[in-house]
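# Survey of secondary and tertiary structure
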Amino acid sequence: MYSKNKGNFWNTNYKCTDGNIYLFVKYIQGELLRAEECALDRHIQNCENCLINFSYVEEIVLGKQTLSTDQKTLLIKYLSDPIWQSAIEKTKQEIVNEVKVSLKDSLSNSNPISKPVDNNDNNIDKTYKNSYKNASNYNYPPLYKRPTFITTAFVTVFFSLTLANYLMIFHSQQKTNLLSNSTPSSIVIANEVSVNRNLYQELDKAIDEYLLLKNTLPLKNAKKIAKEMKESYGENYGIDLVSYYKSLPLSDLDKLLVYRKEMFDLLDQAVGSKYEERLKRSQELEKNFLSVGNKVEAYRAKTLISKAQHFLYDKNFESSTKEGLTFSQNNNYLFLEGYFLLWQAKHLSDTASFKEADDAFQQTINIGKRINLDDIISSSNVSLVTLYHLNNDDQRCLETVENLLFSPKKIKKDRLASLMQIAGLAAANLQKKDLSEKYLNKSVKLAEELQNSVILAKSYTFLSLTAAKEANLSQSNYYYLKSLEAIGKIEDRATRNISMFISLGYYGKTKSLEGDYSQAAKAYEQALEIAKTIDLKSNLELSQINQGLAVANKELKNYKEADQYFATASYYGNLAKKHKEITNCLLSFIPNPCQ
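Let me sum up the structure you'll find in this document. What you see is a predicted model; the values in this text were computed from it and never measured.

Counting its secondary structure elements, the chain contains 28 helices and 2 strands. Expressed as a percentage of the 595 residues in the chain, the buried residues total 53%. Within the structure as shown, the chain displays about 27500 Å² of accessible surface, and the carbon and sulfur contribution to it stands at 50%.

What follows concerns the environment of Arg 496. The residue Arg 496 is located in helix α25 (residues 493-514) in this model. The class for Arg 496 is partly exposed, based on a relative accessible area of 27%. Remark: the alpha-carbon pair of Arg 496 and Ala 457, spanning 39 residues in sequence, is separated by 9.7 Å. Once you skip the residues sitting within four places of it in the chain, Arg 496 turns out to touch Ile 487, Ile 490 and Glu 491.

With that settled, consider the packing of helix α17 (residues 334-351) against helix α19 (residues 374-390). At a closest axis distance of 11 Å, the pairing of α17 and α19 adopts a crossing angle of 10°. One finds that α17 runs roughly parallel with respect to α19. Across the interface between the two elements, Phe 335, Gly 338, Tyr 339, Leu 342, Lys 346 and Ser 349 of α17 pack against Asp 375, Ile 376, Ser 379, Ser 380, Ser 383 and Leu 387 of α19.

A positive phi is found at Gln 451, a non-glycine position, where the angle reads about 55°. Tracing the sequence through the fold places Gln 451 in the loop between α22 (433-450) and α23 (453-469). Classification of Gln 451 as exposed rests on a relative accessible area of 73%. The phi torsion at Lys 557 lies on the positive side, around 70°, for a residue other than glycine. Here Lys 557 is to be found in the loop between α27 (539-555) and α28 (559-578).

Enumeration according to the criterion identifies 19 salt bridges in this entry. Here Glu 276 ties to Arg 493 by a salt bridge, and the two come within 3.7 Å at their closest N and O atoms. Here Arg 493 lies in helix α25 and Glu 276 lies in helix α14 (residues 275-291), a separation of 217 residues in the sequence. Using a relative accessible area of 43% as the deciding quantity, one classes Arg 493 as partly exposed. The shortest N-O distance in the salt bridge between Lys 511 and Glu 514 comes to 3.1 Å.

This next bit is on the packing of helix α11 (residues 216-233) against helix α12 (residues 237-246). In contact at an axis separation of 8 Å, α11 and α12 are set at 160° when each is read in the N-to-C sense. When the axes of α11 and α12 are compared, the pair comes out roughly antiparallel. For the element pair α11 and α12, the recorded crossing hand is left-handed. Residue-level inspection shows Leu 219, Ala 222, Lys 223, Ala 226, Lys 227, Met 229 and Lys 230 of α11 in contact with α12, the latter providing Gly 238, Ile 239, Val 242, Tyr 245 and Lys 246. Class assignment for the residues of the contact of α11 with α12 results in 7 nonpolar, 1 polar and 4 charged.

With that settled, the discussion passes to the packing of aromatic side chains. Inspection of every chain in the model, using the stated rule, returns 17 aromatic pairs. Seen from their ring centres, Phe 327 and Tyr 333 are 5.7 Å apart, and the 65° between their planes marks the pair as edge-to-face. Accessibility classification places Phe 327 together with Tyr 333 in one group, the buried group. Measuring from ring centre to ring centre gives 5.4 Å for Phe 335 and Tyr 339, while their planes differ by 80°; the resulting arrangement is edge-to-face. Remark: Tyr 339 and Phe 335 occur in helix α17; sequence separation between them is 4 residues, near one turn of the helix.

So, how was this worked out
- Residues numbered from 1 in each chain as written.
- Predicted model: local features only at pLDDT ≥ 70, side-chain atom pairs only at ≥ 80, totals over all residues.
- Heavy atoms only, no water.
- Helix = DSSP H or I, 4+ residues; strand = E, 2+ residues; numbered from the N terminus.
- Buried < 20%, exposed > 50% of the residue type's maximum accessible area, 1.4 Å probe, protein only.
- Areas by Shrake-Rupley, 256 points an atom, 1.4 Å probe, with all protein chains shown as cover.
- Contact = heavy atoms within 4.5 Å.
- Axes fitted to C-alpha atoms, helices over the stretch in contact; angles between N-to-C directions.
- Parallel < 35°, antiparallel > 145°, perpendicular 65-115°, else oblique.
- Salt bridge = Lys/Arg side-chain N within 4 Å of Asp/Glu carboxyl O.
- Left-handed = near helix turned anticlockwise from the far one by under 90°.
- Nonpolar A, V, L, I, M, F, W, Y, C, P; charged D, E, K, R; others polar.
- Phe/Tyr/Trp six-rings, centres within 6.5 Å; stacked < 30°, edge-to-face > 60°.

And the structure:
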């Protein structure tokens with residue numbers, strides 16, 4: 001996809017030795033999407049210059065090297081020297097050439113499997129090249145794609161010859177005095193971890209590199225990362241996981257590589273789809289990890305089981321999640337505890353009081369902050385925003401969304417789309433029509449970018465709902481048809497039925513507002529039929545659908561049917577009160593004073 005020194009990487013033309021520096025920094029700090037990381041990995045495999053550049057950028061960003069006062073003084077001089085500025089391109093090329101010579105000299109005496117990939121070198125070792133070719137068959141988290149010895153082979157050369165490239169990064173990121181004794185904020189200080197680092201992601205990369213190359217150097221790196229987790233977070237997850245892999249027979253390495261590929265494939269699954277399939281795969285993955293004695297990652301698979309069970313209203317959710325929490329807390333695995341707490345909190349937001357759910361999310365966020373994991377923090381915040389909206393605190397909901405949007409890069413796109421949906425509904429309730437449309441249309445755009453039909457269907461459903469609130473019924477019908485179009489593209493049957501149930505419920509409401517009670521009754525009846533197939537656990541939603549159907553039948557003078565549906569609605573309504581089930585007035589399936 002990319003030529004050796006110049007190409008079209010993500011539709012941008014530039015010399016990759018210059019342009020990729022920015023991407024290397026984002027890669028190391030864990031700020032790229034998984035697909036982007038994989039694309040960059042593939043390029044680095046086939047570009048010697050980028051292989052070299054990546055290694056010394058990594059040395060700088062991860063704080064493995066420091067500068068002396070003399071070197072800092074030289075940096076100041078070069079920054080202010082116009083003659084040096086005009087010669088920077090020539091200097092950089094000289095540096096690259098000299099590093100190549102030094103690197104090739106080192107390679108002549110090195111283990112063949114440690115040679116970097118160079119498509120123009122006819123003498124390159126076939127074993128190393130084939131190991132990367134085989135790696136392309138896996139979609140596990142991105143690896144460094146180069147042997148660790150490269151880093152140490154030219155570190156000395158870099159600091160004596162490559163002030164030019166360092167200046168480009170250092171000058172653009174640092175606002176502090178270079179002559180002071182303070183260390184740049186991106187470097188680890190004592191037992192504190194940079195806020196931009198994700199040690200868990202770094203650990204995964206190191207372990208996958210070990211499993212792929214069967215080289216002990218990545219495992220030593222993993223041990224170092226695990227020790228940093230212990231010192232910084234008081235966390236045993238990394239220590240115990242590395243201990244397991246150190247004791248693992250070589251015959252099991254290929255199995256674990258396959259199991260971890262499956263795990264990360266499940267972790268990368270889009271929101272809102274194929275939960276039945278995910279549950280089966282996660283349960284099988286848990287068994288596979290246990291079969292090779294890997295209890296730590298077996299319970300990581302169990303976090304995925306809890307997630308699928310939550311969305312499927314599975315009766316085993318509570319026992320499964322409780323078991324996972326007990327295991328995590330007993331072993332002091334904060335990483336796993338955070339995810340089990342996350343799904344427990346989401347479950348409580350559906351079944352418990354506002355205070356219980358709010359407290360659970362705050363506890364989860366605290367763990368996320370303690371171990372510097374944005375994934376847990378952002379997911380909890382999106383759920384909290386939803387919780388505020390469901391409790392009719394739309395002002396707090398909107399303010400929280402606006403605060404979160406100050407750092408949108410820390411939020412995954414699918415969660416960002418969900419955030420926009422809730423913000424759009426909250427703005428509509430607060431009579432902020434333009435802001436509501438802006439948020440909801442943004443959620444549509446994000447869903448289209450993600451090619452996620454589940455999110456897209458919900459966005460159009462909410463646009464239909466808010467249009468009906470403004471009595472713009474033709475526009476509401478248009479968005480309803482768009483939601484049906486999106487629902488038709490959902491492959492997973494259970495997910496498609498849930499989306500259709502929601503869409504029909506709101507369509508019945510819209511038709512009631514129009515006074516078309518015949519169509520309203522049909523929509524509500526279809527929604528009830530679908531509810532039987534998805535084993536709906538929400539008493540409140542069942543109450544509202546039956547109440548809407550009762551009102552429609554009463555208007556159609558079908559009094560006997562109306563009485564029956566009113567009685568059913570009352571029954572489920574009492575159960576909903578008993579279980580403290582709530583919803584925002586706008587999200588009700590029946591017309592109410594909120595309109």
